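Secondary and tertiary structure notes
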Amino acid sequence: MKRSKDFILLVVAEIFVVLLTADCLEMAMDRRKQPIFDATIANVTVTEGEIAILPCRVKYLGRYDIIWSRESPYVVLTHKDRRIIDDDRMSVERPTTPAWNLHIRDAEHNDTNRYLCTINTSPVMSKNVVLNVIVPPKILINSSMENVEVLEGGSANLFCNAVGKPEPRVEWHRLTVTDKGEQTQKVGSDGEVLVIHNITRHCGDTYQCVATNNRGDSVSKDIKVHVLFPPEVTVPSTRLGQEVGKETVLDCNVTASDPLRKAVWMKDGKEMGDEDKIRIDLYKESKYTRILSLRLMMIRKEHFGVYTCVGANSLGEAMANMTLYDYSLHRRNHMRTTTLSTTTQRGDSHPSFVYPPRRQHHHPNRDFHKENRKSYNDRNRNHIVKDGRLRYKTGRPNYDHVSSDERNSRTRETSSKDGGSRKGVTVGLLAVQMASAWLISMGLRIPFSLL
């Protein structure tokens, strides 16, 4: 039993010696080997604010040391796993034995550089690691414009200062609010400055600069352009008629840039306000136009006169007049003027009878018509006659296709009809004129012209 135990101990001791000898031989061989990098160059790209990990793996390091440095300007950062530079963002991390990675927390654009992982061999061995820190686009608020006010007809210069790495591209868009919502339209050319020449009130809107460098989300900034111009006041009609006791509304359009200081109705030099049976309202019709409405619910005689619509802003004042007159008085004057004009056309300032023209009789000699084949009626009237094909046509009567006796009969019939109609018109006109004269003598006026 004792011999077996001794034998086991002897075997274990021999194994230990063999392993120790192998390790010593391996260590001796490693010391004779040169260190080897996993790669001679590496590129690392991170976004500003992230952690930049610069890799460096070395085999067979042996008795040599690792030194991290920055190339331009040259600065030694670490020695072995200790930091030398006064920047607590940097450290050497060794997740595995051959790893000597350099960590840079909260990477900045200034950290973009070439870094060297160096082994103090003879000659020196180095691995290049290129760090590229990308900066997303950013608009500098302090050096960019907020809102712009410009006079109509002038020029507006919009500035939008954007930074980033790589350098961002700046585009300009116009934001327009319509019934369908907000619409975007690209305007101008790319760049940090947008110039609007000879600006009008229709150019007043919100303009947006958009900066992007394809390395991050785009950023934008809104700039409000406010176009200033003096007020303009218009009325739909300069005269409006209405009767006493009725209701009417006086409207005027006031177009001006904001802010609108004053929009009032005035009469006899006094500003009008909400009173009994009077109401004033201001409606916004469009971006710059407002409707100032004056409602008179029950017109009295003192309401007739000239009303003035006044609009004003910081650039000036404008006004327009509207006359409210008594329509009933205007109607009576119009009837009197119509009657006087009727009597004037007859050549007499007083009403008088107008005798009808003398009736023109046909020539008693029927042979005269027979020879000339034209009668008075033929020269002055169009007749409807039936041709041989039973079709009706208008024109001068042609009796060539009938006999002489029948032709004379038709001419006499036409003359008698014409004479009868003329006689009826003459009698009717005489009766109307007599009635008109009697009414005028009674102090009445006829609102229509006598023919």
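Report follows, based on the coordinates. (Residues numbered from 1 in each chain as written. Predicted model: local features only at pLDDT ≥ 70, side-chain atom pairs only at ≥ 80, totals over all residues. Heavy atoms only, no water.)

The helix and strand inventory of the protein chain stands at five helices and 30 strands. Here the protein chain, with 451 residues, has 33% of them falling under the buried criterion. When the accessible surface of the protein chain is totalled, it reaches about 29300 Å², and 53% of it is carbon and sulfur. (Helix = DSSP H or I, 4+ residues; strand = E, 2+ residues; numbered from the N terminus. Buried < 20%, exposed > 50% of the residue type's maximum accessible area, 1.4 Å probe, protein only. Areas by Shrake-Rupley, 256 points an atom, 1.4 Å probe, with all protein chains shown as cover.)

A few words on the packing of aromatic side chains. For the coordinates displayed, the defined rule picks out one aromatic pair. Ring geometry for F229 and Y288: centres 5.2 Å apart, planes at 80°, overall edge-to-face. With F229 in the loop between β19 (219-228) and β20 (232-234) and Y288 in the loop between β25 (278-284) and β26 (289-296), this residue pair connects regions lying 59 residues apart in the sequence. According to the relative accessible area criterion, F229 is buried, its value standing at 1%. Overall, Y288 belongs to the buried group, its relative accessible area being 9%. Here the guanidinium or amino end of R94 rests over the ring plane of W100, the centre of that ring lying 3.7 Å away. The positively charged end of R201 is found above the aromatic ring belonging to F229, 3.8 Å away from the centroid. (Phe/Tyr/Trp six-rings, centres within 6.5 Å; stacked < 30°, edge-to-face > 60°. Lys NZ or Arg CZ within 6 Å of the ring centre and 35° of its normal.)

A few words now on the state of the cysteines. If you walk through the whole model with that rule in mind, you get three disulfides. Covalently, C56 is tied to C117 through a disulfide, its sulfur atoms 1.9 Å apart. Because the sign of the S-S torsion sets the handedness, a value of about -70° for the bond joining C56 and C117 places this disulfide among the left-handed ones. Here C117 lies in strand β10 (residues 113-119) and C56 lies in the loop between β3 (52-54) and β4 (58-59), a separation of 61 residues in the sequence. In this model C252 forms its disulfide with C309; the gap between the sulfur atoms is 1.9 Å. (Disulfide = S-S within 2.5 Å.)

Here the focus is a nonpolar patch on the surface. On the surface, Y74, V76 and I84 cluster together into a nonpolar patch covering about 300 Å² of accessible area. When you line up the elements, Y74 lands in the loop between β5 (66-70) and β6 (75-79). (Patch = residues over 30% accessible without salt bridge, like charges linked within 9 Å, V, L, I, M, F, W, Y side chains within 5 Å. Salt bridge = Lys/Arg side-chain N within 4 Å of Asp/Glu carboxyl O.)

Below, the discussion takes up the side chain of T289. You can see T289 is positioned in strand β26. Within the structure, the side chain of T289 is placed 3.1 Å from the side chain of T255, a separation counted as a polar contact. Excluding its chain neighbours within four sequence positions, the residues that come into contact with T289 are N253, V254, T255, Y283 and K284. (Polar contact = N/O pair within 3.5 Å; in protein donor to acceptor, adjacent residues only side chain to side chain. Contact = heavy atoms within 4.5 Å.)

For the rest of this paragraph, the subject is the sheet that holds β3. Sheet architecture is open: three strands sit in the order β3-β9-β8, paired in antiparallel fashion. Each end of this open sheet is capped by a strand with a single partner; those strands are β3 and β8 (90-93). The mean angle between the axes of side-by-side strands here comes to 25°, regardless of whether they run parallel or antiparallel. Note that β3 and strand β9 (residues 101-104) share three bridges and pair antiparallel. Bridged to A52 within β9 is I104. (Pairing = 2+ DSSP bridges. Axes fitted to C-alpha atoms, helices over the stretch in contact; angles between N-to-C directions.)

Attention now goes to the nonpolar core. With 26 residues, the main nonpolar core has L54, I66, W68, Y115 and L131 as its most contacted residues. Breaking this core down by element, the ones donating at least two residues are β2 (41-47), β3, β5, β8, β9, β10 and β11 (125-139). With near-sequence residues (within four places) excluded, L54 lies in contact with W68, N101, L102, I104, Y115, V129 and L131. (Core = buried A, V, L, I, M, F, W, Y, C linked by side-chain atoms within 4.5 Å.)

The next subject is the environment of I299. Here I299 shows up in the loop between β26 and β27 (305-313). Judged by its relative accessible area of 1%, I299 is buried. It is 9.4 Å that separates the C-alpha atoms of I299 and I278, two residues lying 21 residues apart in sequence. Apart from residues lying up to four places away in sequence, I299 is in contact with Q242, E243, V244, G245, K246, T248, F304 and L324.

Each neighbour pair has its own omega, and for S72 with P73 the value is -15°, a cis peptide bond. Looking at the element boundaries, P73 is found in the loop between β5 and β6. Even without glycine at this site, Y60 takes up a positive phi of about 60°. Counting through the fold element by element, Y60 comes out in the loop between β4 and β5.

A few words on the pairing of strand β15 (residues 169-178). The pairing of β15 with strand β18 (residues 206-212) spans seven bridges and is antiparallel. Bridge assignment links R174 to a residue of β18, and that residue is Y207. Inspection of the sheet shows β15 paired to strand β16 (residues 181-187) by seven bridges, in the antiparallel sense. Each residue of the ladder has a partner; that of T178, found in β16, is G181. Where β15 folds back onto β16 in an antiparallel hairpin, the turn is made up of two residues.

Right, let's get into the sheet that holds β19. Overall, mixed pairing links the five strands, which are arranged β12-β19-β18-β15-β16 in an open sheet. The two strands at the open ends of the sheet, each matched to only one other strand, are β12 (147-151) and β16. In this sheet, neighbouring strand axes are inclined to one another by 30° on average, regardless of whether the strands run parallel or antiparallel. Alignment of β18 against β19, held across six bridges, turns out to be antiparallel.

This next bit is on the side chain of T212. Topologically, T212 is positioned in strand β18. Look at T212 and you get buried, because its relative accessible area is 18%. Excluding anything up to four places from it in sequence, T212 contacts P137, P168, R169 and S218.

Let us now look at the pattern of salt bridges. The final tally for this structure, using the stated rule, is 19 salt bridges. Put simply, K221 and E146 hold a salt bridge, and the shortest N to O gap is 3.3 Å. Taken together, the residues span a long stretch of sequence, with K221 in strand β19 and E146 in the loop between β11 and β12 at a distance of 75 residues. Looking at E146, the relative accessible area reads 43%, which means it is partly exposed. It is possible to trace a salt-bridge network through shared partners that takes in R169, E171, K186 and D190.

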